[in-house]
Amino acid sequence: MAPAQAEIVAAEPAAIARAAKLLRAGRLVAFPTETVYGLGADATSDAAVAAVYAAKGRARENPLIVHVATPEDAAREALLDGRAERLAARFWPGPLTLVLRRRADTRLSPLVSARLDTVAIRVPAHPIALSLLGEAGRPVAAPSANPSGALSPTTAGHVGTGLGDRVALILDAGPCPLGVESTVVDASEPDVVRLLRPGGVTQDDIEAEIGPLADPDDGPARAPGMMESHYAPRLPLRLAAGDVAADEALLAFGADAPVGAAETLNLSPSGNLDEAAANLFAMLHALDRPEFAAIAVVPIPDDGLGAAINDRLARAAAPRTSRAAGKDAA
Ligand code: TXA
Ligand code: MG
């Protein structure tokens, strides 16, 4: 018998209360954030956190992001120095994840950190996520709610298709407004802040707050999950396409897209990168169909959210390895 599919429920107050109760009981609940849907678990419970790794097929060496309702809740679990406090004050709630040193007296399971002495933590800017965190009354570990290595989910339907048989409940609040994951910065070492993953907060915005970030190639820190192939559709992806074949699907951007594709979706006909980010994963999901030979993607400008979009596209197009599919991807 096939495993039961989780119920997808509209994120009304009664459903949020039910989801919070499931979290407190150690169950997995998928919920919306402003970036992508998260696969939530009680971050203080070893068993619940272990269940997240199992459900995603995620490598145990690849730590999870902990979600909290307020900056004070973050400070209860991790150490924020002056720069981290400025970033938190400026960007929380919002799509910025800070990698910080764990407090000695943290309640967080060591498994959320993959046993490192740091923890990645953020306050999400989504009313449903915030009320769920408030009602759960504890930090919630939540990686993106997709099987490891696959495209990230920006709708409840994406979660249902990818992980529906592995979660207790899916809270549905419609498409995620931002559409790409949070920016991850490492602020765990004195005097340097390093960008680990471009995302919803741009590097320019961060640098406007705290000055230049360290060169990501200069130093040891790379997010453990930042291997090349990731966010991958099943079809091959062809980037910076100037033309398109009749058997290819086309992901376009702006007014003058190449013609002749078997099917075309446009990330933003007006060339708006915020709109493009919001559409990115949903359009990749929609075009990832076996009747096409590949998905061709036109060049996307690298400014603003373009940096995060191009990062995801580059990883989606990277050569696939079994490691990528099963071990390191987030
Ligand atoms: O927008 C987001 O960040 C979404 C929503 C659900 O909040 N979450 C998300 O989680 O994208 P995930 O697990 O798919 O990606 C977490 C990233 C991974 O690249 C992981 O390696 C990195 O954060 N990370 C987590 N803890 C870390 C740590 N202690 N040190 C360095 N990198 C860490
Ligand atoms: Mg992920």
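Everything here concerns the structure above.
Every residue gets a number counted from 1 within its own chain, in the order that chain's sequence is written. Whichever chain is written first is A, and whichever ligand is written first is 1; the rest continue in order. With the structure being a predicted model, the display of local features is reserved for residues of pLDDT at least 70 and the display and counting of side-chain atom pairs for 80 or more, all residues being used for whole-chain, interface and lining totals. Excluded from the side-chain calculation are hydrogens and water; included are all heavy atoms of the structure.

Asker: Please explain the site of ligand 1 as it appears in this structure.
Answerer: Nearness of a residue to a molecule or strand requires only that one of the residue's heavy atoms be within 4 Å of it. Around ligand 1, the surrounding shell holds 25 residues, and the nearest of these are Thr 35, Arg 58, Asn 62, His 67 and Ser 182. Polar contacts, as counted here, are pairs of nitrogen or oxygen atoms within 3.5 Å of one another; within protein the pair requires one atom able to donate a hydrogen and one able to accept it, and residues that are adjacent in sequence qualify only if both atoms are side-chain atoms. Here an oxygen atom of ligand 1 sits 2.5 Å away from a polar atom, N or O, in the side chain of Ser 182. Separating an oxygen atom of ligand 1 from a side-chain N or O atom of Arg 197 is a distance of 2.9 Å. Protein coverage of the free-state accessible area of ligand 1, which is 680 Å², stands at 98%. Think of it this way: any DSSP run of H or I at least four residues long counts as a helix, any run of E at least two long counts as a strand, and we number them from the N terminus. Elements with a minimum of two residues in the shell around ligand 1: β4 (65-67), β7 (118-122) and β11 (194-197). At three residues, the largest contribution of residues to the shell around ligand 1 is made by β7. For accessible areas, the Shrake-Rupley method is used with a probe of radius 1.4 Å. Any residue's cover is judged against the shown protein chains and nothing else.

Asker: Would you take a moment to explain the environment of Ala 136 for this structure?
Answerer: Position of Ala 136 relative to the elements: it lies in helix α5 (residues 127-136). Residue classification places Ala 136 among the buried residues on the basis of a relative accessible area of 2%. Along the backbone, Ala 136 and Ala 17 are 119 residues apart, and their C-alpha atoms lie at a distance of 8.2 Å. For Ala 136, the contacting residues outside a window of four places in its chain are Ala 20, Leu 23 and Arg 24. Between buried and exposed lies partly exposed: a residue is buried under 20% and exposed over 50% of the maximum accessible area for its type, with that area taken using a 1.4 Å probe on protein chains only. It only takes one pair of heavy atoms within 4.5 Å for two residues to be counted as in contact.

Asker: Help me understand the sheet that holds strand β14 (residues 263-266) in this model?
Answerer: Whether parallel or antiparallel, the strands of a sheet pair through hydrogen bonds between backbone atoms. Whether two strands pair depends on DSSP finding at least two bridges between them. Strand order in the open sheet formed by four strands is β12-β15-β13-β14, and the pairing between neighbours is parallel. Among the strands making up the open sheet, the edge pair consists of β12 (237-238) and β14. Bridge count for β12 against strand β15 (residues 295-297) is two bridges, and the pairing is parallel. Within β15, the position partnered with Arg 238 by the bridge is Ala 296.

Asker: Where do I start with helix α1 (residues 13-24) in this structure?
Answerer: Each α-helix turn comprises 3.6 residues. Residues three or four places apart therefore point the same way. The terminal C-alpha atoms of α1 lie 17 Å apart, and with twelve residues this matches the ideal 16 Å at 1.5 Å per residue to within 8%. Buried within α1 we find Ala 15, Ile 16, Ala 19, Ala 20, Leu 22 and Leu 23. Buried residues of α1, viewed axially, fall in a sector of 160 degrees; they line one side. In α1, those exposed residues whose orientation departs by more than 90 degrees from the buried face are Pro 13, Ala 14 and Lys 21. Tucked inside the fold, the buried residues of α1 contact β1 (7-10), β2 (29-31), β3 (38-42), α5, β8 (140-141) and β9 (169-172). One or two positions beyond α1, positive phi appears at Gly 26, with a value near 90 degrees. Every helix has an expected span of 1.5 Å times one less than the residues it contains. To be clear, the arc concerns the directions from the helix axis to the C-beta atoms.

Asker: I keep staring at helix α8 (residues 273-287) and nothing clicks. Help me out?
Answerer: Counted at 1.5 Å a residue, the expected span for α8 with its 15 residues is 21 Å, and the 19 Å between its end C-alpha atoms agrees. Within α8, the axis deviates most sharply at Leu 280, by approximately 45 degrees. All of the buried residues in α8 are Leu 273, Ala 276, Ala 277, Leu 280, Phe 281, Met 283, Leu 284 and Leu 287. N-cap assignment for α8: the residue whose side-chain oxygen lies 2.8 Å from the backbone N of Asp 274 is Asn 272. We define the bend at any residue as the angle between the axes fitted to the seven residues before and including it, ending there, and the seven starting there.

Asker: Help me understand the packing of helix α4 (residues 82-91) against helix α7 (residues 203-210), please; the structure alone is not making it clear to me.
Answerer: Packed helix pairs are characterised by how far apart their axes lie and by the angle those axes make with each other. In this description, a line fitted to the C-alpha atoms serves as the axis of each element, helices being fitted only across the stretch in contact, and the angle between N-to-C directions of two axes falls anywhere from 0 to 180 degrees. Running from N to C, α4 and α7 point in directions that differ by 125 degrees, and their axes come no closer than 10 Å. Regarding the angle of α4 to α7, the classification is oblique. Classified by chirality, the crossing of α7 by α4 is right-handed. For the pair α4 and α7, contact is made by Arg 83, Arg 86, Leu 87, Arg 90 and Phe 91 and by Asp 205, Ile 206, Glu 209 and Ile 210, respectively. Each residue is assigned to one of three groups, with Ala, Val, Leu, Ile, Met, Phe, Trp, Tyr, Cys and Pro labelled nonpolar, Asp, Glu, Lys and Arg labelled charged, and all others, Gly among them, labelled polar. A per-class count over the contact of α4 with α7 returns four nonpolar, no polar and five charged. Should an angle fall under 35 degrees it is called roughly parallel, over 145 degrees roughly antiparallel, and 65 to 115 degrees roughly perpendicular, with every other angle called oblique. Handedness of each helix crossing follows the sense of rotation of the near helix against the far helix: counterclockwise by less than a right angle gives left-handed, clockwise gives right-handed.

Asker: Help me understand the side chain of Thr 33 in this model?
Answerer: Following the sequence through the fold, Thr 33 ends up in the loop between β2 and β3. Given the relative accessible area of 1%, Thr 33 is considered buried. Polar side-chain contacts of Thr 33 include one of 3.2 Å to the side chain of Arg 122. In this structure, Thr 33 is in contact with Arg 122, Pro 124, His 126, Cys 176 and Pro 177, ignoring residues within four places of it in sequence.

Asker: Which parts of the structure should I look at to understand the environment of Ala 150?
Answerer: Topologically, Ala 150 is positioned in the loop between β8 and α6 (156-163). A residue is classified by how much of its surface remains accessible, and Ala 150, at 25% relative accessible area, is partly exposed. Along the sequence, Ala 150 and Arg 234 sit 84 residues apart, while their C-alpha atoms lie 8.3 Å from each other. Residues within four places of Ala 150 in sequence aside, it is in contact with Tyr 231 and Ala 232.

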